[in-house]
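# Fold and geometry: a report
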Amino acid sequence: MNMRYTGKDQAKKRTLLEILHIDWPLLLSLLLLMTVGLFVIYSAGGQDMALVTRQVVRLGIGLAVMFVVAQIPPSFYQRWAVIVFLIGLLMLLAVLLFGHVGKGAQRWLDLGFMKFQPSEIMKLFMPMTIAWYISQYDLPSKTKHVIIAFAIVMLPTLMIAKQPDLGTSLLIASSGIFVLFLSGASWRLIGISFGMVSAFLPILWMFLMRDYQKQRVLTFLNPEEDPLGTGYHIIQSKIAIGSGGVNGKGWLQGTQSQLEFLPERHTDFIFAVFSEEFGLMGVLGLLLIYLLIVMRGLWIAVKAQDAFTKLLAGSLTLTFFVYVFVNIGMVSGLLPVVGVPLPLVSYGGTSMVTLMASFGVLMAISTHRRLLT
Amino acid sequence: MVKKRVSIRNHSAEANLFARRTFITFIGVVVMILILFNNIYELEVNSFEKYTTRSNKNRIKVLPVVPNRGLIYDRNGVLLAENKPVYSLAIIPEQVDNIEETLQELGEIIAIRDEQKQEFLKDMRGTRRFKPIELISRLSDQQVAKISVSLHKFPGVTIDARLKRYYPFGDLTTHSLGYVAKINRNDLIKIDQEGKSENYKATRDIGKLGLEKYYEDLLHGTIGHQEVEVNNQGRILRTLSYTPPVPGKDITLTLDIELQMIAKRALVGRRGAVVAIDPRDGGVLALYSNPSYDGNLFVHGISSKNYKKLQNKNRPLINRATKGTYPPASTIKPLLGLAGLDANVTTPEAKLWDPGFFKLKDGKRKYRDHLKWGHGWVRLEEAIMRSCNTYFYDLAYKVGIDNISEKMAGFGFGESTGIDIHEESSGVLPSRGWKRARYNQPWYHGDTVNIGIGQGFWTVTPLQLAQATSILVNKGTVFEPHFLYATHEQKSDDLLAEVSNEEDNVQDNQPYTLVPYEVNEKPPLQLKNSKHWDTILKAMHRTVKHPSGTGFGAFKGSSYDAAGKSGTGEVVGRAQDTDYDATKISESNRDNAMFIAFAPFENPEIVVAVAIENVAVGGGGSNAGPVARQIMDQYFANKTYLSKKQPLIKKSQ
């Protein structure tokens, strides 16, 4: 498996993309996805070019962040992950104590010059920390390590869930758990933890979930019960998707979105706009792009040189897919509404920059190769 | 256990483990994508129809478009019921910068009451900003003019027009046309029961009375639809399709507004009713009840103050022509005479001695004639002409109540005539069975004697009286009385082009054709000897022509050949041997004056029945007779004009 990195390869002239640490299949897929997103935002936002322009700027920033991150060799993260993770924990604690309240949830830390969402840091540094911890030992991990790692996962997860930000805590928890899974945690352990999570659910329902979160779950279970109240989002979204049919109503022709029946059109529910206007064929195309990105990410993981980078790349890729699955699942009525955007298509900032940073990490893993002896 | 520092990690094994796990997760990803895709497939393919319907239900609103109500014309084409625009002032808040200021400035042009302002501001809070909100519901023409001039200064202020029913002749036509008014809860229930809710979605008013009620379905028309696209706020973005409403049918009545005017003038200051019928087809030429009231009051919703005013002792709300029940009195004598002839209890030649009273064989009571000293020897013709009571006491007694009831039922007494308005009384045609049911008493001979002069239990409406007279002059042929002359049917376009070439036919130049009303003819009344008809009709002729006839004074010098019969109805029974003195009894107990007439004597074209309540002086001949005369004078004066309209085709032919 190390044949590629022989002297013959080294002698080969490095391409510009390699010098820039860019993984081109990944970049192309991302650009394709972003382009699709811009078109849908233009339609969903009532053909407001200003909205599109702002998103272009954000995507530009995201790409810049990705590019910068890609330049940093993975060994750097391996060294600093724990420290950043600990800082992140402290900031989460600070959020819980004196965080800024916005939209009924305490997520933001006001640093004076900017507002900052510490949970975003955790999206990157949770998998890094767990990967760092696990990769110190032989794989498959011992049960002891898995349990310790699991505890590390749960600490920030619960803090974020308490804010409350169920969507993000879900993403962060899964990013850590993916590392454990990929590191070869025994199936028996996986079974046990599944059982524990099931046992934990009632506790979550009774003590940790806020009323509005419970309402979301209830609405998910029976949206038609309250068609003008909380069920409105899901019903209108399903109508938008369903009325799209095989070929869709056409770009800018979706009545559910253009006539504003659909809520959160350019943010969380943008997939409904997309399905209404582009139909099943469009959905098929979109899912294929996502699958392509996931495949490339997993390929990078498999091809990565050491356990840390493998685990990190795998986890980041799978977390990205969790975004996709949760968003499409909730918009199409499979899952409760938990406020997760459709990655790189939904209009919006913070989480997109974090996502692009994680793609930067993936590219770094893919392009920074050390010679193995 | 090997210490990690010293052990050499088996990178190959780890890579294999990782690759396996990655492969498993990849399979997981593919499965999840398939789950998502399957769900989307379920929504977009299997449930496509359902969600398309719901999506359209979201965005497409169907706005009902109210059809214009059919117009009503009199027989000469005079408009009796029309639709007049009523203007209202509305403001679209979205288009106004400063509502307070605008109200202030509008108030300088026209008066805006404080409560209107408050109501408006209240409505504004609960309504979408792009929807017009009414400020003043009814603007006078003057106000419309004033605002129109400066409307350009008020963006967002609009004058809306909608059509409301208007009766240009006011109280002259109310008792026949009735009126329309706002649909109320009971109307809604009825509309729902009849399955017409869809058609009435946009309709505000409905026929409440008279012809407006009877011909509601004809006049209403069919609702139209405008399909519009709306957004989530309900704002109309564009019209997708438009189905115009089908306006209600215009109708022409047999009524002649000029005869109505004459009737009103003739009854001024008196309570009573006039009914004029064309005996050739049953068409009502005039139907007027005095006092009347203005139906327009009800169209916009009558105020309680105005309504109270209508509930006075003269009871203008009562349609006396169809709902007022009076003893027919002596107007019934010709028909009783006919019954006598038909029952063979008398002949035209048979003489009876009238001593001034009638006494039953074994009875003590004297049934008095209006002439104390009696008429002496009288035959049937004279008895009718001079209205001899004794002759008819005797005749009624001989014919018997059963026979009388049966014969008189043939003339339509005791049941509604079937006229095309719902407000009608059937009066009372007494019989043994009726008295048993009503009073639980047997029928006495004395009851029959009173029937002989149209008194006692017997009551009729003026319409019934006119109808009975029509049957008499038609010699048994019965047409149901009706107001409707014809329905206007819209011509199709090619038919229009075709008839426009025919210059000679004036009526065909109009965009509609008149579809004549189909007269309902009932089974005819048959006599054993049809000569008896002529005997009776001749007696009525003599009543008017002979100087000693009770109708002579009323029709003296008329240009046409009329016939008739008077009647003076007692409102309260009087003890025998007491004289009637109108000045000594209360107004409401005074006699009623009745009159029936027809003309021309040969081939009658008009039958008139008149009832006047509680006259001060005189009886039917001097009070009601002249009213009938005035109606007929008008009818024959205008005859050339009227003759344009031939009597209607009979249904049975």
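What counts, and where the lines are drawn
Residues numbered from 1 in each chain as written. Chains lettered and ligands numbered in written order. Predicted model: local features only at pLDDT ≥ 70, side-chain atom pairs only at ≥ 80, totals over all residues. Heavy atoms only, no water. Helix = DSSP H or I, 4+ residues; strand = E, 2+ residues; numbered from the N terminus. Buried < 20%, exposed > 50% of the residue type's maximum accessible area, 1.4 Å probe, protein only. Contact = heavy atoms within 4.5 Å. Pairing = 2+ DSSP bridges. Axes fitted to C-alpha atoms, helices over the stretch in contact; angles between N-to-C directions. Buried area = accessible area lost by both parts, 1.4 Å probe. Salt bridge = Lys/Arg side-chain N within 4 Å of Asp/Glu carboxyl O. Polar contact = N/O pair within 3.5 Å; in protein donor to acceptor, adjacent residues only side chain to side chain. 1 Å grid on protein atoms, 1.4 Å probe; cavity = no way out; pocket = protein on both sides within 12 Å on 5 of 7 lines; lining within 4 Å. Points joined across faces, edges and corners; volume = space filled by probe spheres on them. Nonpolar A, V, L, I, M, F, W, Y, C, P; charged D, E, K, R; others polar. pLDDT = per-residue confidence, 0-100.

All names here are of chain B. Within the secondary structure layout, Trp533 lies in helix H22 (residues 531–545). The exposure class assigned to Trp533 is buried, which follows from its relative accessible area of 3%. As for Trp533 and Arg113, which are separated by 420 residues in sequence, their C-alpha atoms are 69 Å apart. Apart from residues lying up to four places away in sequence, Trp533 is in contact with Leu338, Phe411, Ile471, Leu472, Lys475, Gly476, Leu525 and Leu527.

Our focus in this paragraph is the sheet that holds strand S25 (residues 606–612) of chain B. Residues and elements named next belong to chain B. Within the open sheet, the five strands sit side by side as S14-S13-S25-S24-S23. Their pairing is antiparallel. Pairing within the sheet leaves two strands with one partner each, and these edge strands are strand S14 (283–290) and strand S23 (563–569). Geometrically, the sheet is characterised by an average inter-axis angle of 5° between neighbouring strands, direction not taken into account.

Glancing now at unusual backbone geometry. Residues and elements named next belong to chain B. Cis peptide bonds are those with omega within 30 degrees of zero, and the linkage from Asn290 to Pro291 qualifies with -5°. Tracing the backbone shows Pro291 in the loop between S14 and helix H11 (296–299). In this structure, the amide linkage connecting Ala599 to the following residue, Pro600, adopts the cis form with an omega of -15°. Relative to the elements of secondary structure, Pro600 occurs in the loop between strand S24 (592–599) and S25. In this structure, Asn603 is a non-glycine residue whose phi angle is positive, near 50°. With respect to the element layout, Asn603 can be found in the loop between S24 and S25. A relative accessible area of 65% means that Asn603 is categorised as exposed.

The next subject is the interface of chain A and chain B. The partner chain B presents 38 residues to the 58 residues of chain A that form the contact. For the pairing of chain A and chain B, the buried interface totals around 4300 Å² over both sides, and the portion due to carbon and sulfur atoms is 73%. If you sort the residues of chain A by the area they bury against chain B, Leu259, Leu280 and Phe321 of chain A come out on top, with a joint share of 14%. Applying the counting criterion to the chain A and chain B interface returns zero salt bridges. Applying the counting rule to chain A against chain B returns 10 residue pairs in polar contact (both at pLDDT 80 or more). Listing elements by their share of the side of chain A that touches chain B, those giving two or more residues are helix H8 (166–182), helix H9 (187–208), helix H11 (232–244), helix H12 (255–258), helix H13 (270–303) and helix H14 (307–331) of chain A.

This part is about the sheet that holds strand S1 (residues 60–65) of chain B. Residues and elements named next belong to chain B. Strand order across the open sheet formed by three strands is S1-S9-S10, with antiparallel pairing between neighbours. Among the strands making up the open sheet, the edge pair consists of S1 and strand S10 (236–243). Going from strand to strand, the sheet's axes swing by 30° on average, the running direction of each strand aside. Both S1 and strand S9 (residues 224–230) contribute to a ladder of six bridges, which runs antiparallel. By the bridge assignment for S9, Val65 is matched with Gly224. Taken strand by strand, helix H2 (residues 48–59) contacts S1, S9 and S10, and its axis lies near 50° from that of S1.

Residue and element names in this part refer to chain A. A full pass over the atoms with the stated rule returns three cavities of 30 Å³ or more. For the largest cavity, the calculated volume is near 120 Å³. Lining the largest cavity we find 13 residues, and of these Lys123, Thr319, Tyr323, Leu355 and Ser358 sit closest to its centre. For the lining of the largest cavity, the elements supplying multiple residues, two or more each, are helix H6 (118–135), H8, H14 and helix H15 (350–367). Of the residues assigned to the lining of the largest cavity, the class counts are seven nonpolar, five polar and one charged.

We now examine the confidence of the model for chain B. Residues and elements named next belong to chain B. Looking at chain B as a whole, its pLDDT mean stands at 87, while 92% of the residues score no less than 70. Across residues 1–6, where pLDDT falls below 50, the model places four contacts with residues more than four positions away in sequence or in other chains. Scored below 50 in pLDDT, residues 500–508 shows seven contacts in the model against residues more than four places distant or in partner chains. If you check the scores for this complex, the pTM reads 0.73 and the ipTM reads 0.90.

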